[in-house]
Structures are given as C-alpha cells and as structure tokens.
Amino acid sequence: MKLIQFSDIHMVPRGQKLFGLSPAARLDACIADINARQTDADFCIITGDLANAGQPEAYETLRDCLEKLQSPYYLAIGNHDDRKHFGQVFPEVEKDENGFVQYVIDFPDVRFFVLDTVEEGAHWGSYCAPRAGWLDEQLAASKDKPVYIFMHHPPFEIGMPSLDKLRIRDAHLFSEVVSRYNNIRHIFHGHVHRPVFGSWSGIPVSAVRGTNHQVQFDLETVAPIPLSHEPPAYAMILLRRDQTIVHYHDFLDQSVISETQASEFAHDHKMTGSMPAAV
Ligand SMILES: [Fe+2]
Ligand SMILES: [Fe+2]
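Residues numbered from 1 in each chain as written. Chains lettered and ligands numbered in written order. Predicted model: local features only at pLDDT ≥ 70, side-chain atom pairs only at ≥ 80, totals over all residues. Heavy atoms only, no water.

**Student:** Quick question: what am I supposed to make of the coordination of the iron ion (ligand 1) here?
**Tutor:** Six octahedral donors around a metal ideally subtend angles of 90 or 180 degrees, whereas four tetrahedral donors ideally subtend 109.5 degrees. Note on the iron ion (ligand 1): its protein donors are Asp 8 (OD), His 10 (NE2), Asp 49 (OD) and His 193 (NE2). The metal-donor distances range over 2.0 to 2.2 Å. One way to put it: the 4 donor atoms around the iron ion (ligand 1) meet at angles of 88 to 175°, and that makes the site irregular. Linear spacing of the donor residues for the iron ion (ligand 1) on their chain is D-x1-H-x38-D-x143-H. A spacing of 3.4 Å is found between the iron ion (ligand 1) and the iron ion (ligand 2), which share Asp 49 as a donor. With Asp 8 in the loop between strand E1 (2–6) and helix H1 (23–37) and His 193 in the loop between strand E7 (184–189) and strand E8 (196–200), the pair connects residues that are 185 residues apart, well separated along the chain. There is no split in this pair, since Asp 8 and His 193 are both buried. (Donors = N, O, S within 2.8 Å, 3.2 Å for Na, K, Ca; no water. Tetrahedral: all angles 85-135°; square planar, octahedral: opposite > 155°, others 65-115°. Helix = DSSP H or I, 4+ residues; strand = E, 2+ residues; numbered from the N terminus. Buried < 20%, exposed > 50% of the residue type's maximum accessible area, 1.4 Å probe, protein only.)

Right under this line is the structure:
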C-alpha cells in the first residue's frame, strides 16, 4: 500500500496569512504535487492542526482546498483545532462513543487507527481513560491484523524542550494499552513540525514537517516555541507485510543538478563517460 501523510496545515480564513505565508497556497502546492506524483496512493492522512485557530471559516477554506485532492483523505485533529467547528464542516468524520475524533480505517489485511489526542483549552496532548478504553477495545478486535497509528501529539519526548512540554502528558494510559499488543507496526504523528524518526517502547515512530511553518532546530528554548521558514514536506509511506518505508518530499523544492553541472563534475574528477552518476 501507499499512503501519504501531511500535517499541521494551520489553515486560516481565506485571504489571511500566517507568519507571512499563505497556508492555503502551501496546501494547494502540496496537493498539486500529490495529484501529479502519487496517483497510486491508497489514501492521504492529515495528522492534525488542520486550522490555526479553529474558526469555521478556516475549516471551510480547508474543505475547499481538499476537494482538489484526487486521493481519498482522512483527518485527525490537533491542539489548534476546535472539535465543534471541525465537526460542523466535516460532519462525515467519525467519532467514538464519547465524541472524540478517533476511528478505524479497515482494510482486509491491515487496520489504521486515527486517534484524538486533544486536551481542550491546552496545547499539550491528552489520552484520557475513555480514549484509552476505546483504543484497547479496537486493538483487541483487530486480533493479529497489523495496526498503524496516526495521531497528532507524540506520547514521548523528542529532545527539544519547547516541544517536549507539549507532548501527551498522561501518556501512561496510552503506554499501558499499547504494551499489551504486539501488532502495532508504526506510529505516525504530527505536532512537532520537524522530521523525526526513531522508536518508542519498541514501536517505530516518525513525524513530518508541516505544510506551512516549521519549528527551529533549537535545543534550548522552552518558550515561546521558536518557529522557522524551513521548507514544508509531505511523507510518502510504502507499506508491505515485511517493511515500512517513509520518504520525505520537500514539495516546493524544484532544484535539480543540471546535465552541465554533472558533466563538469565528471570532467573535474576525470570520470569516464561510462561511469554512472552516483550519490
Ligand atoms: Fe502544529
Ligand atoms: Fe500541534
């Protein structure tokens, strides 16, 4: 299967800018690239912070942009989102029995879980007992099917103080549940606006940059979060029974090494014409 993850759109009402950038124009560019290159994607998943301040107008702008996306898409919410306004504009997105925006995407041989980690009124994340109970039930029902999890906040620290204080704070409940199962193949998260890979409690994890603004590689600042204009990216996720491969694509980067530059390099290094270009 092929999935596309993008994250942290931080949409604002049409015509407005955020940190000097247009989240809608950035998302349009992301979608145009996906439509051009990823026609075989099974679906796209957007891991939260869909809107910057949760206004209905921002969700309406988001919905208009997403209509251009040729692949099916699924949505998670983040700390900048508003459950009520989100639900008004995207009423088709499933909720659990307690009203949390979490659901299962079921395929014959694999399941994808989209989790709600939002603590209303806070920027840190939460995964309370009712949510953890739902997750436990869904994992039990999945039996031996491989499960991939999509969520906004990570339940772990990533070594950056400004972001670590905004992780899921009551992560012990989440941790207790996932530790009872051995079929969770990967956790894909957002929120950190940075490319991060690793593993947590034996589960591979990864995060992707946002489509609008990013977080600086600042290892000391606690607050406010140091932001940057590093390039946006989306993740192309290739899943097979025996492997998970994640590519990051800086969709605004049009740079290429020209044939002239390549042949100059070959000439300078006395490479023969039969020597293929290499990285
Ligand atoms: Fe964000
Ligand atoms: Fe966030």
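**Student:** Got a minute to help me understand the layout of surface pockets in this structure?
**Tutor:** In this approach, a probe sized like a water molecule rolls over the atoms, and the result shows the empty space that is left. Taken as a whole, the second largest pocket spans an internal volume of roughly 230 Å³. The wall of the second largest pocket is formed by 15 residues, among which His 10, Asn 79, His 80, Ile 225 and Leu 227 lie closest to the centre. By residue class, the composition of the lining of the second largest pocket is 6 nonpolar, 8 polar and 1 charged. (1 Å grid on protein atoms, 1.4 Å probe; cavity = no way out; pocket = protein on both sides within 12 Å on 5 of 7 lines; lining within 4 Å. Points joined across faces, edges and corners; volume = space filled by probe spheres on them. Nonpolar A, V, L, I, M, F, W, Y, C, P; charged D, E, K, R; others polar.)

**Student:** Is there a simple way to think about the pattern of salt bridges in this case?
**Tutor:** Between side chains of opposite charge, a pair can form when the charged atoms approach closely. Inspection of the entire model under this criterion finds 16 salt bridges. We note a salt bridge from Arg 167 to Glu 157, for which the minimum N-O separation is 3.6 Å. Here Arg 167 is found in the loop between helix H5 (161–164) and helix H6 (171–178), whereas its partner Glu 157 is found in the loop between strand E6 (147–151) and H5, with 10 residues between them in sequence. Residue Arg 167 is classed as partly exposed on the basis of its relative accessible area of 24%. Accessibility expressed as a relative area gives 53% for Glu 157, which makes it exposed. Residues joined by salt bridges that share partners form a network here, namely Arg 83, Asp 116, Glu 120 and Arg 131. (Salt bridge = Lys/Arg side-chain N within 4 Å of Asp/Glu carboxyl O.)

**Student:** Explain the packing of H1 against helix H2 (residues 56–66) to me, please; I cannot follow it from the model alone.
**Tutor:** A pair of packed helices is captured by two measures, namely the crossing angle of their axes and the spacing between those axes. The geometry of H1 relative to H2 is characterised by a closest axis approach of 10 Å and an angle of 20° between their N-to-C directions. Classified by the angle their axes make, H1 and H2 are roughly parallel. Considering only the axes of H1 and H2, their crossing is right-handed. Residues Ala 24, Leu 27, Asp 28 and Ile 31 of H1 lie in contact with H2, whose contacting residues are Thr 61, Leu 62, Cys 65 and Leu 66. (Axes fitted to C-alpha atoms, helices over the stretch in contact; angles between N-to-C directions. Parallel < 35°, antiparallel > 145°, perpendicular 65-115°, else oblique. Left-handed = near helix turned anticlockwise from the far one by under 90°. Contact = heavy atoms within 4.5 Å.)

**Student:** Could you clarify how one ought to interpret the pairing of strand E2 (residues 43–47) in this entry?
**Tutor:** Side-chain direction in a regular strand flips from residue to residue, so the side chains alternate between the two faces of the sheet. The buried count for E2 comes to 5 of 5 residues, which makes it a mostly enclosed element. Neither face of E2 is open: one carries Phe 43, Ile 45 and Thr 47, the other Cys 44 and Ile 46, and all of them are buried. One crossover worth recording links E1 to the parallel E2 by way of H1, and it is right-handed. Read from E2 through H2 to strand E3 (residues 73–76), the crossover connection turns out right-handed. (Right-handed = clockwise from strand over helix to strand, strands pointing away.)

**Student:** Where do I start with the coordination of the iron ion (ligand 2) in this structure?
**Tutor:** Coordination of the iron ion (ligand 2) by the protein is provided by Asp 49 (OD), Asn 79 (OD1), His 152 (NE2) and His 191 (ND1), with metal-donor distances spanning 2.1 to 2.3 Å. Read N to C, the donor residues that coordinate the iron ion (ligand 2) are spaced as D-x29-N-x72-H-x38-H.

**Student:** Sorry if this is basic, but what is going on with the pairing of strand E9 (residues 203–207) here?
**Tutor:** Where burial is concerned, most of E9 is hidden: 4 out of the 5 residues are buried. Of the pairings in the sheet, the one linking E8 to E9 comprises 5 bridges and is antiparallel in character. Across the sheet, Phe 197 pairs through a bridge with Ser 206, a residue of E9. What sits between E8 and E9 in their antiparallel hairpin is a turn of 2 residues, with Ser 201 showing a positive phi close to 50°. (Pairing = 2+ DSSP bridges.)

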